[in-house]
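One letter stands for each residue in the lines below.
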Amino acid sequence: MEFLSKFIRLRRGPSKPFEAEESLQDDRGIGAELGDGFPILSAQHLNSAGAIPDELLIGKLKESGAVILRNVIRNKREFIRLTKRLAPGEERGVVASDNSLEFHGELYSSGDPPDVLWLYCARPAEMGGQTLVCDGVAIAANLLPETVEFFRKTPLVYERAVGRKSWAYRFKTKDKGEILSKLQSLNVTASFSGETLHTRLETSALRETKWGRELAFINSLLHALDSTTGRADVSNYGLRTVIPDSIVNEVRTLTARYAHPIHWQRGDTVMIDNTRVMHGRRRFQGRRDIVAVNGICSTETNRLMEAH
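How each quantity is defined
Residues numbered from 1 in each chain as written. Predicted model: local features only at pLDDT ≥ 70, side-chain atom pairs only at ≥ 80, totals over all residues. Heavy atoms only, no water. Helix = DSSP H or I, 4+ residues; strand = E, 2+ residues; numbered from the N terminus. Contact = heavy atoms within 4.5 Å. Areas by Shrake-Rupley, 256 points an atom, 1.4 Å probe, with all protein chains shown as cover. Pairing = 2+ DSSP bridges. Axes fitted to C-alpha atoms, helices over the stretch in contact; angles between N-to-C directions. Buried < 20%, exposed > 50% of the residue type's maximum accessible area, 1.4 Å probe, protein only. Core = buried A, V, L, I, M, F, W, Y, C linked by side-chain atoms within 4.5 Å. pLDDT = per-residue confidence, 0-100.

Colleague: Hey, could you go over the overall build of the protein for me, with residue numbers and the actual values?
Modeller: Counting its regular elements, the protein contains 10 helices and 18 strands. Sequence-distant contacts, at least 24 apart, represent 82% of the contacts inside the protein between residues at least 6 apart. Carbon and sulfur atoms make up 49% of the accessible area of the protein, which totals about 14300 Å².

Colleague: Explain the sheet that holds strand β9 (residues 189-193) residue by residue, including any values.
Modeller: Strand order in the open sheet formed by four strands is β9-β10-β8-β13, with antiparallel pairing between adjacent strands. Strands with a single pairing partner mark the edges of an open sheet, and in this sheet they are β9 and β13 (237-239). Taking the axes of each pair of neighbouring strands and ignoring which way they run, one obtains an average angle of 15° across the sheet. In this sheet, strand β10 (residues 196-203) lies alongside strand β8 (residues 156-162) in antiparallel orientation, the contact comprising seven bridges. The partner of arginine 160 across the bridge, within β10, is threonine 199. Running over the sheet, helix α6 (residues 164-171) touches β8, β9 and β10 and is turned about 110° from β8. The sheet contacts of helix α7 (residues 176-185) involve β9 and β10, and relative to β9 the element is tilted by about 160°.

Colleague: Give me the environment of valine 162: which residues, what numbers.
Modeller: Its place among the elements puts valine 162 in strand β8. Note on valine 162: relative accessible area 12%, which makes it buried. Separated by 30 residues in the primary sequence, valine 162 and phenylalanine 192 place their C-alpha atoms 9.5 Å from one another. Dropping the residues within four chain positions of it, valine 162 is found in contact with Trp167, Glu195, Thr196, Leu197 and Asn236.

Colleague: So, the sheet that holds strand β14 (residues 259-262): which residues are in play, and what are the values?
Modeller: In spatial order, the strands read β4-β16-β7-β14; together these four strands make up an open sheet with antiparallel pairing. Each edge of the open sheet carries a strand with a single partner, namely β4 (101-104) and β14. Ignoring strand direction, the axes of neighbouring strands in this sheet form an average angle of 20°. Relative to strand β16 (residues 277-281), strand β7 (residues 131-135) runs antiparallel, the two being bridged by five bridges. Paired with valine 133 across the strands is histidine 279, a residue of β16. Where helix α9 (residues 245-257) meets the sheet, its contacts fall on β4, β7, β14 and β16, and the angle it forms with β14 comes to roughly 50°.

Colleague: Describe the nonpolar core, listing the residues and the values that go with them.
Modeller: Judged by nonpolar contacts, the single largest core of 42 residues is most densely connected at Leu143, Phe151, Leu156, Phe217, Leu221 and Ile243. Not counting residues within four places of it along the chain, the set of residues in contact with leucine 143 comprises Val148, Leu206, Phe217, Glu250, Val251 and Leu254. Listed in part, the 24 residues of the second largest apolar core include Leu61, Ile73, Leu82 and Met305.

Colleague: Talk me through unusual backbone geometry; I want residue IDs and the actual numbers.
Modeller: Residue asparagine 71 is not a glycine yet carries a positive backbone phi of 60°. Mapped onto the elements of the fold, asparagine 71 is located in the loop between β2 (66-69) and α3 (76-86). For arginine 213, which is not glycine, the phi dihedral falls at a positive 55°.

Colleague: Lay out the confidence of the model for the protein in plain terms, naming residues and giving numbers.
Modeller: Here the protein averages 85 in pLDDT, while 85% of its residues score no lower than 70. Scored below 50 in pLDDT, residues 1-36 makes 91 contacts in the model with residues more than four places away or belonging to other chains. Contacts from residues 229-235, a stretch scored under 50 in pLDDT, to residues over four places away or in other chains number 14 contacts.

Dropping the structure here:
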């Protein structure tokens, strides 16, 4: 996958395994197979002003669910400028450990997922560390009918226990009443026990995408199940819904089939439709610096999306 002319749409079927030296898989085999790719916009797509035309970027995002910009964004300042124009949000880091991360939609266990997840590579890992992206529309289309019926009838229940530092950072306030009111507006059941915030969210594993209104499997099911291993970076929450092993295995098989790895290069920027595409990560060695922004689409971006 080099340029848009070589972009192949998602297909329904098995895909070629990753080369062993590229995988750095863990026991769960996350990303064990290579799904079809997502489009790359490169310097050849710049307009006369030296920027990617918004119509092209938004059109490809709506068509594919994720777009990679390569050799286009020169530094973090330009990355933040792009996010502010199309889908602004707060700049943040990513999970600091070098562990792999299971597939998930950003903040789908919180009740307030962003429209867009932006990622910018300031420094790729020395080895491994590929971000994996997976189209939830393709997964939903390939689930067994009885699995679809299970998820339609059975909500996912996430429970969290969050310390003061985390909840104060997230909500930008120390007013507990204000936080509880905000969570209630998101249909999240919440309470405080001392300085620990406890939340419970019931939500669906299957949703309509924001643009296109297609059925997508987009959630944090696998990521939340992974928290049962006690890993420090995800051990503050878990999935309370009992999912049959056969369905978990089916989901793992499909996410592996349709996974696509982003082999990061310095300066790469990725725009992900967080209402459609899940993401994960392979474990890595060496320093890795990825900047993330949880974006809410501007009025103009929504207009462009609806126009395509």
